[in-house]
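# Analysis of the macromolecular model
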2 protein chains.
Amino acid sequence: MPRAPSETHVPDLTPTWRIPIQSRATLHDVARLAGVSAKTVSRVYSGSPRVLPETRERILAAAKRLRFRPNTVARNLRQGGKTDTVAFVMGDIHNPFYFHVAAGIEQELAKGGFTMLWASTGDAPDSEPVVVDALLSQLVRALVLIPIAGDQSYLEGERQLGTPIITVDRPATDLVADTVVLANRSGMADAVRSLTANGHRKIGFVSNPSEMYTLSERLAGYRQALMEAGVADSTPWERLGNDPSITPESQVRSLLDSSDPPTAIVTGNNRATMGALRELRTREDPVALIGFDDFELAEMLGISVVAHDPVELGRAAGRLALERIEHHGGPIRRIELPTRLVKRGSGEIPAPTG
Amino acid sequence: MPRAPSETHVPDLTPTWRIPIQSRATLHDVARLAGVSAKTVSRVYSGSPRVLPETRERILAAAKRLRFRPNTVARNLRQGGKTDTVAFVMGDIHNPFYFHVAAGIEQELAKGGFTMLWASTGDAPDSEPVVVDALLSQLVRALVLIPIAGDQSYLEGERQLGTPIITVDRPATDLVADTVVLANRSGMADAVRSLTANGHRKIGFVSNPSEMYTLSERLAGYRQALMEAGVADSTPWERLGNDPSITPESQVRSLLDSSDPPTAIVTGNNRATMGALRELRTREDPVALIGFDDFELAEMLGISVVAHDPVELGRAAGRLALERIEHHGGPIRRIELPTRLVKRGSGEIPAPTG
DNA sequence: CGAGGCCATGTCAGCGTTGTCATGGCAGGT
DNA sequence: ACCTGCCATGACAACGCTGACATGGCCTCG
C-alpha cells in the first residue's frame, strides 16, 4: 500500500506540454480571414440581426478555423468595466454547511448567466478585507459574503459605487446590506418547546463557539422557550464555549456529570450534535437530544433535529444578487428562511417521571 | 413555526439602495488630484521603486480620498489578456467529496495569488463544453476539471494555445492533460485482502453508478484481490447499477437475500456505504463491511473504510496548475494519491466458520 | 426619374491600464 | 563650464472589443 503520492511520467506517445505555438485569434484575425471588418464579426458574436446570413456563415467558418473565442475581458472593459462575475467570500473551508450555500449561490447565478468567483478567508477575520478587495478589483457585479471580520464598514465605499452586497447566514455589522439568514431563534425555540411538551424542564444547551450571531440567536430562542415553560434561569444547563480546544464531548460530559444533570439536551450546531452523540453513546441514562442542523445519518440513527436547507440559503442569496444587479433601487431586504423540526425519536424521549 | 421564507423590509433608518452617485475613480482621477501623470500612479500600484517617496505618499493620499482601486480587468487586458484566475469545473453539486476538492484547489491557488472561478455543469455531460467555454473566454490561466462529458477533445485547441489543463479524480478522454487521481484500484484491493485474510471468500461489491472511471477501477481492484485469494468468478456477488433510481439499499438487499449470500460487503463509494449501513441495521446476520470514502460518523459507528484525503486531491491539482503556469514545458504528469485502510471493527468481523 | 429610406457594413475612438521611449533636471568628473 | 549618466516623471500607443456615427447600394414611390 503506497504511503506517499506516486507520480508517473506518462510514456511519451503524445507530445509534452510546451510553449504555445500560435497565439489566440482576435476579432481582427477572424475579420481578415472572412474578408469583413472587425465590427461585423463583433456583430455576429453579440447577436445583432443586422448581418447577412451568408456573411454570418463565412465569419463563423473563419472563426472556427482559427479557434476564435471572444475575449470576455476586453468586452467587459469596453462596456464600462461590467463583468459577468459575482464574488463569494466565505471563511471556514472545512464546514460542509458553507459548501451547500456556495452550491446554491452558484446554481442561481448560472441561471442569470453569471459565474462565481470564489475565495475564502481561511477563517482569519483580518484577511476578510484583503480577500474581498482582491475580488472587488476584478469588478464583480455583486458581492455575496459570509461575514467574519468584526465589522464590514470597509465596504461602505464600494456600496456607494453601487455594488450590491448580500450577506448570508449572518448580518453585516456597520454596513447597509441585504441579508439572508435562518430562523435561528424560532427554530431553536420550537425544539425546546417540543421538549417541554414532553415534560422536560432541565434542558441542556451545548455550543462551541457560541459568540457568533447564529449561535447567540439560537441561545436566545432556547432561553425564551424555557422562560415560557416557567424556567427563568437556564444558565446552570448552558455550556457555552469559545475556545476551539474545548470539545463538545467534554461540554456534554460536564453537563451530565453535574449535580443536577439535564434530562434533555439541545445542541447549537452540527459539530455539537456529533459530540453529544459520541458522549451519549457511552452512557446508560436515556437523555433526549435535538440537534441543530440536519445530517446524513440522522434518519438512520433516529436523531431529531432542527433541519433547514443550506442550498436554499445560497439560492436565496443568489437570487437577491441577481435582482440587485437588475434594479439597484429599493429598500434593504432581509430574508429569513424557515427551519423545520424533524422528529425521529431522540427528541421524543419523555422526561423521567418523579 | 413559519412555513415560508419571511421577508422583512428593514426600517428606514439607513438609506435604501440606489443608483450610484459617483462613479469609480480611475488612475487619471488620482493622477489629476495628486498633480502627476497617470503613469506615475500606475508605477505606484505596480510596485515600481522609481517613484519619490514624497510623490508616492501624495498619490496614495489622493487614491485613498477617491477610494481608488486599480481595475484588474483593464490591467489584465493590457498585459496580453493574462488574468489571475483559474477555472474549476465540477459536475455534481451535491457530493461533498467535490467540495473538499474545491477547497483544496482554492487553498493552493490563493497561495499563488490566484483566485478561483468556479462553475458546475449540474451533472449534465452536454453542458460541460458550454460551461468550460464560458470560463475559458474569461482568459483563465489554467483549467482544473472533473471530467464528466464523454470526451475532452474539444479542449485540444485551448491546450495548443498553452492553457494548462488539469483533471482531477478522473483522467481526461482524448486529451493530453495532467491528472490527479486516487489509488482507487489498490485501495479497494487492500480492503478486499483484509477481508480474505479474515477468512472471507464470498464478498459482495455494491456500487451505483459503476461505469465511472473511479468505480471501474475500484471494481478491478476488488476482482484482482479476489482472484489472488482463489475466487475466480466474483460476478454473483457484484451489484453494479447505473440507474440513479436503484438505491444502494436495494442492491444490498438483493445480495443478502440471494441463495448464496456474501459474508462481507465492500462498497464503491460513500453513498453505497450509507445504503449498506441502513440495510444491515435491519438484519441480524453479522456481515463484515468496508466502505470506500471516510465519513464523519464512521469512527463512532465503528465502520472500517478505505480513507483518503479529498482536500489533498484538490491541493495537488492546485499545485500542478501553479507549476504549469510557471513553466509550460515538461512531460505530462499523473499523480496518484494513496488511500489508507482504516480498521474500526466492521471490516474485521471474521467469516463464519463452517 | 429623382428623392427618401432602409439595410449591410465600415470607420473611428476609447474603456483603464501599462510598456516603450522621451524629457529634463541634477550630481559628479574632468 | 561642459559632458556623461542617472533618475523621476511624462507622452503616447495599444491590449481586444463595441458604441456612435458614417457610407454606399438598392428598393420604393410619387
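Turning to the protein's contact with DNA strand D, a few remarks are in order. Contacts to DNA strand D come from 23 residues, most closely from A:L27, A:R78, B:T40, B:R50 and B:T55. Of everything in DNA strand D that lies within 4 Å of the protein, sugar and phosphate atoms constitute 60%. Within the backbone of A:A74, a nitrogen or oxygen atom sits 3.4 Å from a base nitrogen of DNA strand D. In this structure, a phosphate oxygen belonging to DNA strand D sits 2.5 Å away from a side-chain N or O atom of B:T40. Of the residues contributing to the surface near DNA strand D, the split by class is eight nonpolar, eight polar and seven charged.

Residues and elements named next belong to chain A. Following the sequence through the fold, P125 ends up in the loop between β3 (115–120) and α6 (127–136). Given a relative accessible area of 39%, P125 falls into the partly exposed group. Here the alpha-carbon distance between P125 and G91, two residues 34 residues apart in the chain, equals 8.3 Å.

In this section: the packing of helix α1 (residues 27–34) of chain A against helix α3 (residues 53–65) of chain A. All names here are of chain A. At a closest axis distance of 9 Å, the pairing of α1 and α3 adopts a crossing angle of 120°. As summarised for this structure, α1 and α3 are arranged oblique, according to the angle between their axes. Of the two possible hands of crossing, α1 and α3 adopt the one that is right-handed. Residues V30, L33 and A34 of α1 lie in contact with α3, whose contacting residues are R58, I59, A62, A63 and R65.

Note on the copies: chain A fits chain B at an RMSD of 0.1 Å, the axial shift is 0.1 Å, and the rotation between them is 180°. When the rotation and shift are considered jointly, the pair of chain copies conforms to a two-fold rotation axis. Scanning chain A for the C-alpha nearest the rotation axis identifies A:L117, at a separation of 2.3 Å. A share of 100% of interface residues in chain A that are also interface residues in chain B marks the association as one of identical surfaces.

Below, the discussion takes up unusual backbone geometry. All names here are of chain A. P209 follows N208 through a cis peptide bond whose omega is 5°. The phi angle at D174 is positive, at roughly 55°, despite the residue not being glycine. The residue D174 is located in the loop between β5 (165–168) and β6 (178–182) in this model. In the Ramachandran plot, D293 falls in the positive-phi region, its phi being about 85° despite a non-glycine side chain. Summarising the element assignment, D293 is placed in the loop between β10 (288–292) and α12 (298–301). Among the residues examined, D293 registers a relative accessible area of 10% and is labelled buried.

Residues and elements named next belong to chain A. Tallied over the entire structure, the rule returns 48 salt bridges over all chains. A salt bridge links R324 to D178; the shortest N-O distance between them is 2.4 Å. With a gap of 146 residues between them, R324 in helix α13 (residues 310–326) and D178 in strand β6 connect regions that are remote in the sequence. Among the residues examined, D178 registers a relative accessible area of 0% and is labelled buried. Between R283 and D257 there is a salt bridge whose closest N-O contact spans 2.9 Å.

In the region of DNA strand C, 23 residues are neighbours, and A:T40, A:R50, A:T55, A:R78 and B:R78 sit closest. Contact distances for DNA strand C include 3.5 Å between a base nitrogen and a backbone N or O atom of B:A74. Of all the secondary structure elements, the ones that give two or more residues to the surface near DNA strand C are α2 (38–45) and α4 (72–78) of chain A together with α1 (27–34), α2 (38–45) and α4 (72–78) of chain B. For the surface near DNA strand C, a count of residues per class yields eight nonpolar, eight polar and seven charged.

All names here are of chain A. At a minimum axis distance of 6 Å, the contact between helix α5 (residues 96–111) and α13 shows a crossing angle of 40°. On the basis of their axis angle, the class for α5 and α13 is oblique. Two packed elements cross with a definite hand, and for α5 against α13 that hand is right-handed. Taken together, the residues of α13 that come into contact with α5 (itself represented by F97, H100, V101, G104, I105, Q107, E108 and L109) are P310, V311, L313, G314, R315, A317, G318, R319 and L322.

Time to look at the side chain of A:T85. When you line up the elements, A:T85 lands in strand β2 (residues 85–90). A polar contact is formed between the side chain of A:T85 and the side chain of A:T83, at a distance of 3.1 Å. Non-local contacts of A:T85, meaning those with residues more than four positions away in its chain, are made with A:F114, A:T115, A:L117, A:V140, A:R141, A:A142, B:L117 and B:Q138.

Moving on: the interface of chain A and chain B. Facing the 91 residues of chain A at the interface are 91 residues of chain B. Overall, the association of chain A and chain B removes approximately 8600 Å² of surface from exposure, summing both partners, and the carbon and sulfur fraction of that is 62%. Applying the counting rule to chain A against chain B returns six salt bridges. The closest approach of N and O atoms between A:E158 and B:R69, which form a salt bridge, is 2.4 Å. Inspection of the region where chain A meets chain B yields 16 residue pairs in polar contact (both at pLDDT 80 or more). Bridging between β3(A) and strand β3 (residues 115–120) of chain B involves three bridges; their strand directions are antiparallel. Paired with A:W118 across the two strands is B:M116, which belongs to β3(B).

Residue and element names in this part refer to chain B. Read across the sheet, six strands follow the order β8-β7-β9-β10-β11-β13 without closing on themselves; strand pairing throughout is mixed. Looking at the sheet topology across the chains shown, the edges are occupied by β8 (238–240) and β13 (340–342). On average, adjacent strands in this sheet sit at an angle of 15° to one another, irrespective of strand direction. Examined bridge by bridge, strand β11 (residues 304–307) and β13 share three bridges and lie antiparallel to one another. Each bridged residue has a counterpart across the sheet, and for V305 the counterpart in β13 is V342. Sitting on the sheet, helix α9 (residues 213–228) is in contact with β7 (203–207), β8, β9 (264–267) and β10 (288–292), with an inclination near 175° to β7. Contacting β7, β9 and β10, helix α11 (residues 270–281) runs over the sheet at an angle of about 155° to β10.

Parameters and conventions
Residues numbered from 1 in each chain as written. Chains lettered and ligands numbered in written order. Predicted model: local features only at pLDDT ≥ 70, side-chain atom pairs only at ≥ 80, totals over all residues. Heavy atoms only, no water. Near = heavy atom within 4 Å. Polar contact = N/O pair within 3.5 Å; in protein donor to acceptor, adjacent residues only side chain to side chain. Nonpolar A, V, L, I, M, F, W, Y, C, P; charged D, E, K, R; others polar. Helix = DSSP H or I, 4+ residues; strand = E, 2+ residues; numbered from the N terminus. Buried < 20%, exposed > 50% of the residue type's maximum accessible area, 1.4 Å probe, protein only. Axes fitted to C-alpha atoms, helices over the stretch in contact; angles between N-to-C directions. Parallel < 35°, antiparallel > 145°, perpendicular 65-115°, else oblique. Left-handed = near helix turned anticlockwise from the far one by under 90°. Contact = heavy atoms within 4.5 Å. Least-squares fit on C-alpha atoms with pLDDT ≥ 70 in both. Salt bridge = Lys/Arg side-chain N within 4 Å of Asp/Glu carboxyl O. Buried area = accessible area lost by both parts, 1.4 Å probe. Pairing = 2+ DSSP bridges.

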